[in-house]
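The lines below spell out each chain.
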Amino acid sequence: MRLDCLTMKITEDVTGKGIIAVSLIKSGIAQVSPIRGEASNKKLRELKKHIWASRYLYLLLLPLLAYLIFFQYVPMYGLILSFKEFDYHSVTGSPWVGLEHFREIFGLPDFKRVFTNTLVIALGRLIFEFPVPILFALLINEVRKKRFRTFYQIVYTFPHFLSWVIISGIMINFLGDMGIFNMILDSLGLPKTNLLTDAGTFKGLLFGTSIWKEMGWGTIIYLATISGINPEMYEAAEIDGAGRFKKVTAITWPALKGTVLVLFILALGNVMGGAGFDQIFNMDNAAVRDSSDILDTYIYRATFLQGASFGFTTAVGLFKSLINCALLLIAHYSVKSRGHGGLF
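The structure displayed is predicted, hence computed values, not measured ones. Per-chain numbering applies: the sequence of each chain, read as written, is numbered from 1 onward. Where totals are concerned, whole chains, interfaces and linings use all residues; where local detail is concerned, this predicted model gives features only for residues with pLDDT of at least 70, and gives and counts side-chain atom pairs only at 80 or more. The basis for every side-chain value is the complete set of non-hydrogen atoms in the structure, without hydrogens or water.

> Hey, could you run me through the nonpolar core in this one?
Side chains of a nonpolar character, in soluble globular proteins, are inclined to be buried together. In plain words, nonpolar cores are sets of buried Ala, Val, Leu, Ile, Met, Phe, Trp, Tyr and Cys residues tied together by side-chain atoms within 4.5 Å. Here's how the labels work: a residue is buried when its accessible area is under 20% of the maximum for its type, exposed when over 50%, partly exposed in between, all with a 1.4 Å probe on protein chains only. One finds I105, F115, V271, L295, F312 and V316 to be the most contacted residues of the largest nonpolar core, which totals 23 residues. At the level of secondary structure, the elements contributing two or more residues to this core comprise α3 (100–107), α4 (111–129), α11 (244–268), α14 (295–305) and α15 (310–337). Only DSSP runs of H or I with at least four residues qualify as helices, and only runs of E with at least two residues qualify as strands; both kinds are numbered from the N terminus onward. For this core, the element with the highest residue contribution is α15, accounting for seven residues. By definition in these notes, contact holds between two residues if any of their heavy atoms fall within 4.5 Å. Those residues in contact with F115, other than ones at most four positions away along the chain, are M272, L295, F319 and I323. Of all hydrophobic cores here, the second largest spans 19 residues; its members include I134, L138, A242 and V248.

Here it is, written out as structure tokens:
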């Protein structure tokens, strides 16, 4: 290779030892290379100093780190069951079957229906449920009296602590064939209707009950973000003649947008698991199963009721995880490419 010039620079470090740094410069473009050894040692010393200064905070992180390692990462070893036929004796000793379980998944007569239901319900939650806590947080923030704001938060947050077993029981007592709703219709001389067994209204019930249960809980993080806005910005806007709506659009929403985008990315990255197993499992019935059966409920029945192999059900779980990961990355880079902050 032809070199236009060769430069040699002798640099003295703080200890007085000579260090020779040779830099080959071609066409006069390259610069003299820095002394990497000294720079890396300096960064290492600074890192050790920082860790020691914050040693108690890192000590508090150890239980969480142990939890992540033993309960989140170590179980990933079981993913190899997706490519094996588990013999109930040993994971490592089970025979390899390659992609046979994945071929079985796509060859199932119910796969298209279950997969479509999962996407429809999960995307429906993003469209109908995701914006509700944002709007509710904005409304609560506009309530003047603090005690009223506290009252509304308590009332709307309480349903979050009810299990889906209890809520499904409430729905049956209200909307079932012998429920209060049908008793009122009967007393008015109107024909009875069982909304829980109507495939056309069942998805609406899923979205409605989920909104009622999680709306208040979902506002907490948005209200925490809003509370961090400097009150002087609202005062200045009010002096300039801005009304409530203008203050929301010009001050509150721009401060809230970053949090909304991060939570939207996370929600989109959980599409395949966000259809809601607990809710559907407790509210499901044979009359609406064609439109309510999702991958999670299908895996449950295949594993515990139909006796399918663990390799097959693990392959279904891995299939879901790969789709979630792909959607998460797509959402992250799409948001970041538009000048907003992503997850990392």
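> Could you clarify how one ought to interpret the packing of α4 against helix α9 (residues 199–227) in this entry?
Working note: a packed helix pair is described by the angle between its axes plus the distance between those axes. Contact pair α4 / α9: the axes reach a minimum separation of 10 Å and the direction vectors enclose 45 degrees. Comparing their axes, α9 and α4 come out oblique. Considering how the two elements wind past one another, α4 and α9 form a crossing that is right-handed. Counting all contacts with α4, which are made through V120, I121, G124, R125, F128 and E129, the residues of α9 involved are K203, L206, F207, S210 and I211. Only the stretch in contact is used when fitting a helix axis, every axis being a line fitted to C-alpha atoms; angles between N-to-C directions are given from 0 to 180 degrees. Orientation categories follow fixed angle ranges, with anything under 35 degrees roughly parallel, anything over 145 roughly antiparallel, 65 to 115 roughly perpendicular, and all other angles oblique. Here is the rule for handedness: rotate from the far helix to the near one, and if that takes an anticlockwise turn smaller than a right angle the crossing is left-handed, while a clockwise turn gives right-handed.

> So what exactly am I meant to see when it comes to helix α5 (residues 131–141) here?
Each α-helix turn comprises 3.6 residues. Residues three or four places apart therefore point the same way. For α5, the full list of buried residues reads V132, P133, I134, F136, A137, L138 and I140. Contact partners of the buried residues in α5: α4, α6 (146–157), α9 and α11.

> Would you take a moment to explain the packing of aromatic side chains for this structure?
For any pair of aromatic rings, the description rests on two quantities: the centre-to-centre distance and the angle between the ring planes. Two rings from Phe, Tyr or Trp (for Trp, the six-membered ring) form a pair when their centres sit within 6.5 Å of each other. Planes less than 30 degrees apart are called stacked, planes more than 60 degrees apart edge-to-face, and all others tilted. Taken as a whole and assessed by the stated rule, the structure comprises 16 aromatic pairs. Between F128 and F207 the ring centres are 5.6 Å apart and the planes differ by 35 degrees, which places this aromatic pair in the tilted class. Of the two residues, F128 sits in helix α4 while F207 sits in helix α9, which places them 79 residues apart along the sequence. Accessibility expressed as a relative area gives 48% for F128, which makes it partly exposed. Members of the aromatic cluster, each reached through a chain of ring pairs, are F106, F111, F115 and F319. Positioned over the ring face of W52 is R55, at 4.1 Å from the centre of the ring. To sit over a ring, a charge needs its Lys NZ or Arg CZ within 6 Å of the ring centre and within 35 degrees of the ring normal. In this structure, R147 packs its charged tip against the face of F148, placed 5.4 Å from the ring centre.

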